[in-house]
Amino acid sequence: MSELKDIYLDNNATTRVDPAVVEAMLPFFTEQFGNPSSMHSFGNKVGLALKKARQQVQNLLGAEHDSEIVFTSCGSESDSTAILSALKAQPERKEIITTVVEHPAVLNLCDYLETEGYTVHRLKVDKQGRLNMDEYKALLSDNVAVVSVMWANNETGTIFPVLEMAELADEAGILFHTDAVQAVGKIPMNLQDTSIHMLSLSGHKLHAPKGVGVLYLRRGVRFRPLLRGGHQERGRRAGTENVTSIIGLGLACEQAMQHMEYENTVVAQLRDRLQEGILAKVPHAFATGDLTNRLPNTLNIAFEYIEGEAILLLLNKAGIAASSGSACTSGSLEPSHVMKAMGIPYTAAHGTIRLSLSRYTTAEEIERVIEAVPPIIEKLRTLSPYWGENGPIENPEEAFAPVYA
Amino acid sequence: MWDYSEKVTEHFYNPRNAGAVDQANAVGDVGSISCGDALRLTLKVDPETDVILDAGFQTFGCGSAIASSSALTEMIKGMTVDEALKISNQDIADYLDGLPPEKMHCSVMGREALQAAVANYRGEEWVDDHEEGALICKCFAIDDVMIRDTIRANNLSTVEDVTNYTKAGGGCSSCHEGIENILKEEMEARGEVFMPGAIGKKAKAKPAAAATAEAKPAGSMTAVQRILKIQQVLEGLRPALQADGGDVELMDIEGKNIYVKLVGACNGCQMAAMTLGGVQQKLIEELGEFVKVIPHTERQLVELGV
Ligand SMILES: Cc1ncc(COP(=O)(O)O)c(C=O)c1O
Ligand code: FES
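Small disclaimer: the values here were computed from a predicted structure and weren't measured. (Residues numbered from 1 in each chain as written. Chains lettered and ligands numbered in written order. Predicted model: local features only at pLDDT ≥ 70, side-chain atom pairs only at ≥ 80, totals over all residues. Heavy atoms only, no water.)

### What about the domain arrangement of chain A?
Residue and element names in this part refer to chain A.
Phase 1 of the analysis: Under the domain assignment used here, chain A contains domain 1 (7–13 + 260–388) and domain 2 (19–256).
Phase 2 of the analysis: Placing the centre of domain 1 and that of domain 2 at their C-alpha centroids yields a distance of 28 Å.
Phase 3 of the analysis: Taken together, the contact pairs 30 residues of domain 1 with 33 residues of domain 2.
Phase 4 of the analysis: Of the roughly 2,500 Å² buried at the junction of domain 1 and domain 2 (both faces included), carbon and sulfur atoms supply 54%.
Phase 5 of the analysis: At the junction of domain 1 and domain 2, the tally comes to 0 salt bridges. (Domains from an automatic or database assignment. Contact = heavy atoms within 4.5 Å. Buried area = accessible area lost by both parts, 1.4 Å probe. Salt bridge = Lys/Arg side-chain N within 4 Å of Asp/Glu carboxyl O.)

What follows is the structure, given as structure tokens:
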């Protein structure tokens, strides 16, 4: 078994940089190392390469103008820039609408802004992780500076109706931002036909390097930069460009465009096969999120009565890389905020595992995972105080009530 | 780095007519070292025929300033003085296959130096009162002074207004913060509060001839002649504008400021000749002096009881 290669099913955490992307970047470390702002040919060629990358991103997003693409250092920076800009540009508006299931890049910023005197409305989700549009509509008012709603959830893959929500916000004269870090490259989009004003993406989720992101900023949207300084990015994001990564991101966007169909057919089928295969063999397990409206690559399964980290460790031993909720939530003993928000009971929320595929995932790998998972779950359940001979014990809360709890 | 045309690069590397002309009888100086660019144009003009026999330049400035100077001297050699004066800064830019918007002022400087040289030749005094403010909108090369003047003349209160009147902000929109700051100041000065909407209207404006600079009226026409001439130029533009669903009307003249009512499709249309900048360009060419065309609003007309 040891000669079998490890299986990477954690593509929502980060992805492998495509070899062609690495190839495209290399000359810009050594021969073409100039600063794009410089008045010599070292700089000029780099400037042209940046221009091309900007257009490649523009194409993937379906943006109307390439100047709407602002390169940043990561998805988190794009999120912060968008939300803080909306507040700075409209000091009289003191409310923010977001959701309870956002990535910490948005949630923790909003928590902080609350301490600064802003009112944050966090839209709730139902058991399938879906939003209530009536709750949303009722909150739209002249006091709201910005709505920030993720396009797709990183843990469950659940897709939110951002197009419709953006339209409602736009009609109400409210800025709409979406964290599309998980959606870009997996969901086809044509931003010029939408009412989305700002959008965040991150390179490392689509086979480009870590540490590069984009803020899409619709032309005409009022904006206040987060970083002021040099005139880079038309004064909207100062700092010498991360040229190599931007060039890599450009090519990665072009490739994502080419693989969009594959992602939504072959990858989606592999994901579906994985879900069926595991659920057919493992009792007391269920997929979470909105299963009919989900990213094509994402599967989140809750295994009842056992703990996620233990599953991860045994999976890792079997050469399978997965994650339990967001990479940021692991390390704490709290079940993921997304699972809590969906009302997944504690007995299951702690045992959720996210398996996220990519275009590199093979059918053979999926079959190996389907083989490997059931014995791991079985083993852990035999250790669990909530599990009897043939299944969960009756009234687990009463049967096992530790005195120190 | 700038995206210079091959022509610009070529004229920069191999400037024509560099240096002062021997036995020059016309000298025009514009700019200063403190502005970062300065140009001296020397001409040898045949006093009998007014034909420019030779032209030379000395330029302190950037690559495109040198290329513009070189182009200008090539263009005017062999022309009469009157013909040469008809050359617009856009002509200079066209001769060079275009200049980046941020560099259009270099071609303006060339034109001004020519005016100064001709004034010198004719024994007139040429006063350079061309103010240049900080460049605000790089997409359309519109500066602070132009934006402020237009806001004041028309009581503008939104970025969209400023874009409609001057084009500034009609491109990538990254200068909107700068325009907002000017609006805030100007509106405060007139006792109002700037109240922006969060989401600007989708900018539809297309690039047009950049607004040129200003100068004081030349002395060769009487005030009445000048007014008639301005009216005549505008009348000449109207059929083309009307064909496009627009129109232009002269409202007032105040020194170098010409107030017009520009209506209909021309506000946003794509043809350079039908934009504010185009009308201004035409007037400058016909009058042989720098004028500034400032749009005049309906609202003000009502107030004036016109
Ligand atoms: C939905 C979402 N938003 C934002 C981020 C943060 O992106 P970055 O790591 O580039 O800051 C992530 C990545 O974990 C994400 O999944
Ligand atoms: S800089 Fe003004 S619109 Fe681009």
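Having seen it, we continue.
### Focus: the site of ligand 1
Residues and elements named next belong to chain A.
Phase 1 of the analysis: Surrounding ligand 1, one finds 13 residues, the nearest of these being Gly 75, Ser 76, Asp 179, Ser 202 and Lys 205.
Phase 2 of the analysis: At 2.8 Å from an oxygen atom of ligand 1 is found a main-chain nitrogen or oxygen belonging to Gly 75.
Phase 3 of the analysis: Note that an oxygen atom of ligand 1 is positioned 3.0 Å from one of the side-chain N or O atoms of His 103.
Phase 4 of the analysis: Compared with its free state, where it exposes 400 Å², ligand 1 has 88% of that area covered by protein.
Phase 5 of the analysis: In terms of residue count, the dominant contributor to the shell around ligand 1 is helix α3 (residues 75–89) (3 residues).
Phase 6 of the analysis: Partitioned by chemical class, the residues of the shell around ligand 1 number 3 nonpolar, 7 polar and 3 charged. (Near = heavy atom within 4 Å. Polar contact = N/O pair within 3.5 Å; in protein donor to acceptor, adjacent residues only side chain to side chain. Areas by Shrake-Rupley, 256 points an atom, 1.4 Å probe, with all protein chains shown as cover. Helix = DSSP H or I, 4+ residues; strand = E, 2+ residues; numbered from the N terminus. Nonpolar A, V, L, I, M, F, W, Y, C, P; charged D, E, K, R; others polar.)

### Overview of the sheet that holds strand β9 (residues 285–287) of chain A
Residues and elements named next belong to chain A.
Phase 1 of the analysis: The antiparallel open sheet is built from 3 strands, whose spatial order is β9-β10-β12. Lying at the two open borders of the sheet, with one neighbouring strand each, are β9 and β12 (352–356). When strand polarity is set aside, the average angle formed by the axes of neighbouring strands in this sheet is 25 degrees.
Phase 2 of the analysis: Here 5 bridges tie strand β10 (residues 298–303) to β12, and the two strands are oriented antiparallel to one another. Counted as the bridge partner of Thr 298 is Ser 356 from β12. (Pairing = 2+ DSSP bridges. Axes fitted to C-alpha atoms, helices over the stretch in contact; angles between N-to-C directions.)

### What about the pattern of salt bridges?
Phase 1 of the analysis: Under the defined criterion, the tally for this structure stands at 26 salt bridges over all chains.
Phase 2 of the analysis: Residues A:Glu367 and A:Arg273 are paired through a salt bridge, measuring 2.8 Å at the closest nitrogen-oxygen approach. A residue pair is termed long-range when its members are at least 10 positions apart, and A:Glu367 in helix α11 (residues 363–383) and A:Arg273 in helix α7 (residues 243–281) qualify at 94 residues.
Phase 3 of the analysis: Taking the relative accessible area as the measure of exposure, A:Glu367 reaches 33% and is therefore partly exposed.
Phase 4 of the analysis: Between B:Arg148 and B:Glu185 there is a salt bridge, with its nearest N and O atoms 3.1 Å apart. (Buried < 20%, exposed > 50% of the residue type's maximum accessible area, 1.4 Å probe, protein only.)

### Focus: the interface of chain A and chain B
Phase 1 of the analysis: Across the boundary between the two partners, chain A contributes 28 residues, which contact 20 residues of chain B.
Phase 2 of the analysis: Counting the surface lost from both chain A and chain B, the interface buries some 1,900 Å², and carbon and sulfur atoms represent 48% of this.
Phase 3 of the analysis: Summed over the three residues of chain A that lose the most area to chain B, namely A:Arg219, A:Gly220 and A:Arg222, the buried surface amounts to 33% of that side.
Phase 4 of the analysis: Summed over the shared surface of chain A and chain B, the number is 4 salt bridges.
Phase 5 of the analysis: A:Arg222 is the partner of B:Glu180 in a salt bridge, and the nearest nitrogen-oxygen pair spans 2.5 Å.
Phase 6 of the analysis: On inspection of chain A and its partner chain B, the count reaches 5 residue pairs in polar contact (both at pLDDT 80 or more).
Phase 7 of the analysis: For the side of chain A that touches chain B, the per-class residue count stands at 7 nonpolar, 11 polar and 10 charged.

### Digging into the side chain of A:Ser356
Residue and element names in this part refer to chain A.
Phase 1 of the analysis: With respect to the element layout, Ser 356 can be found in strand β12.
Phase 2 of the analysis: For Ser 356, a relative accessible area of 0% puts it in the buried group.
Phase 3 of the analysis: Polar side-chain contacts of Ser 356 include one of 2.9 Å to the backbone nitrogen of Asn 12.
Phase 4 of the analysis: In contact with Ser 356, other than residues within four places in its own chain, are Tyr 8, Leu 9, Asp 10, Asn 11, Asn 12 and Asn 297.

### Looking at unusual backbone geometry
All names here are of chain B.
Phase 1 of the analysis: In this structure, Asp 97 takes a positive phi of about 60 degrees despite not being glycine.
Phase 2 of the analysis: Turning to its location among the elements, Asp 97 is positioned in the loop between α4 (89–95) and α5 (104–122).
Phase 3 of the analysis: Classification of Asp 97 by relative accessible area gives exposed; the value is 54%.

### Overview of the packing of helix α2 (residues 41–61) of chain A against α7(A)
Pairs of packed helices are described in terms of their axes, by the angle between the two and the distance that separates them.
All names here are of chain A.
Phase 1 of the analysis: Closest axis-to-axis distance for the α2/α7 pair is 8 Å, and the angle between their directions is 30 degrees. Handedness of the α2/α7 crossing: left-handed. Together, Val 46, Ala 49, Leu 50, Ala 53, Gln 56, Val 57, Asn 59 and Leu 60 of α2 and Val 243, Ile 246, Ile 247, Leu 249, Gly 250, Leu 251, Cys 253, Glu 254, Ala 256, Met 257 and Met 260 of α7 make up the contact between the two elements.
Phase 2 of the analysis: For the contact of α2 with α7, the per-class residue count stands at 15 nonpolar, 3 polar and 1 charged. (Left-handed = near helix turned anticlockwise from the far one by under 90°.)

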